[in-house]
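Structural features, examined
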Amino acid sequence: MNDDVEIRTITDAELPAWLRAVQAGFLRSRAAMSDEAIAHARAREDAQTLRGAFDRGRCVGTYRSYPQELTAVGGAAVDAHAVTAVTVAPTHRRRGILGRMMSADLAAAKERGAVVATLIASEHRIYGRYGFGPATSTTEWTVDVPRAGLDPRWSGPDEAGARIDLVDGEDVRKLGPELHERFRALQHGAIDRDERWWLRNTGQEPTPEFPWEEPFYALYRSPSGTVDGLIVYRTTHNRYDASRLPENSASVLGTTTATPAAERALWHYVCSIDKVVSVRSGHRAPDDVLPDLLPDPRAARVTTHADWLWVRVLDVVRALEARTYAGTGTLVLDVTDDAGLAGGRYRLEVAEGGRVECAPTGDTCDISLGVGELGRMWLGEGSLARLVALGRAAERRAGAAALMDTLFRTSRRPWCPDLF
């Protein structure tokens, strides 16, 4: 602990130093943060969401947080608290700086009524100390298109009257938000996107350090004309081997689909573009349908697989009552939380008709687990039996682990398509 380091909300004048500390923390050149980039950040950042750690006036730590919505199992949107831009200078490690920033911020978030906190971890070893658990994973595939076995003559969706159209950024800004709202109501683990997200991701707010390159946008419209899907991708061009055979690739930046038909059609579309022999899927859920859509699933090779969204439960009662369950039953959970924000013993009762009640209790414990493990289970990523086998949870009543796995089971794995 170093009490000489002051932690507080930054002032507008301190924004350049804070931004350069973020650059250094993520191993990007401090010099890359130009005056133009600082002016751009000043126009879009709210300094009240930015915390800094200062040692003798020098910014040695950064932290940003803001309100967010996260979709729980069953489709309910819960109040979340997003944490990002977390850095500590290598000269100031192991002094308790991150612990001080994190503990104060999470306590304030709980006081404001956040149900959970979220982050995407650049380092796996750090955030379990603060009650976060990896609650979604991400997988990326690279598809060898010639081997995939798809019909190269494919010319459109199988549904009569459905169509795929190439559109521009203006169309996406107009049609994308409503599509995303439909998607995130179906996908637990998804988060909300504000207007600035749509502006930034369609080239209306390019950042000086990351020049904008216009991608392709393809919309799927159902036979009724409803926009049910969007895929965004970039391609290489004019790449040929010595025999003048094409060697171009497509990199998917994101997909948003509200129906299985749209999902199937858009993957078939991007894997059928003339002269494209390789498709990178971008970040997808680990149980994405893409490989099994291909006549030869082995043509889709896993090139990335890692943890993605981390969740930290702040209010056990509201979190457990916000989601749906795959059966009925009663469990008494003993939750440990070193920070004292969400620990305690809770009785969860799931009754016929989907009625859910959760409350603190003094009843005999069935399951004991940490708050990080609870976050994984809550979003549907975990297996209690596996956590018990790993020594990260304990079954106190015979059969309780199997019951918890049954109740918390989901038909698809959680997924968060966004980076923040």
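The structure contained in this document is the topic of the report that follows. The structure displayed is predicted, hence computed values, not measured ones.

**Side note on helix H3 (residues 97–112)**
Taking 1.5 Å per residue, 16 residues should reach 22 Å; H3 reaches 23 Å between its end C-alpha atoms and fits that length. Those residues of H3 that sit buried are Ile97, Leu98, Met101, Met102, Asp105, Leu106 and Ala109. Across the axial projection of H3, the buried residues extend over an arc of 135 degrees, all falling on one side. Of the surrounding elements, those touching the buried residues of H3 are strand E1 (6–9), strand E2 (50–55), strand E3 (58–71), strand E4 (77–88), strand E5 (116–120) and strand E14 (309–313). Positive backbone phi, approximately 105 degrees, marks Gly113, located one or two places after H3.

**Quick look at the sheet that holds strand E11 (residues 248–257)**
Strand order in the open sheet formed by 7 strands is E8-E9-E10-E11-E12-E7-E13, with mixed pairing between adjacent strands. Edge strands, defined here as strands with exactly one partner in the open sheet, are strand E8 (163–167) and strand E13 (300–307). Ignoring strand direction, the axes of neighbouring strands in this sheet form an average angle of 25 degrees. Pairing of strand E7 (residues 137–144) with strand E12 (residues 276–280), which is carried by 3 bridges, proceeds in the antiparallel orientation. Paired with Val143 across the strands is Val279, a residue of E12. Packing against the sheet, helix H7 (residues 260–270) makes contact with E8, strand E9 (216–221), strand E10 (227–235), E11 and E12, and its axis sits at approximately 25 degrees to E10.

**A closer look at the side chain of Arg184**
Looking at where Arg184 falls in the secondary structure, it is placed in helix H5 (residues 169–186). One polar contact links Arg184 to Glu69, side chain to side chain, over a distance of 2.8 Å. Setting aside anything within four residues of it in sequence, one finds Arg184 in contact with Glu69, Thr71, Ala77, Ala190, Ile191 and Asp192.

About the cut-offs
Residues numbered from 1 in each chain as written. Predicted model: local features only at pLDDT ≥ 70, side-chain atom pairs only at ≥ 80, totals over all residues. Heavy atoms only, no water. Helix = DSSP H or I, 4+ residues; strand = E, 2+ residues; numbered from the N terminus. Expected span 1.5 Å × (residues − 1). Buried < 20%, exposed > 50% of the residue type's maximum accessible area, 1.4 Å probe, protein only. Arc of directions from axis to C-beta. Contact = heavy atoms within 4.5 Å. Pairing = 2+ DSSP bridges. Axes fitted to C-alpha atoms, helices over the stretch in contact; angles between N-to-C directions. Polar contact = N/O pair within 3.5 Å; in protein donor to acceptor, adjacent residues only side chain to side chain.

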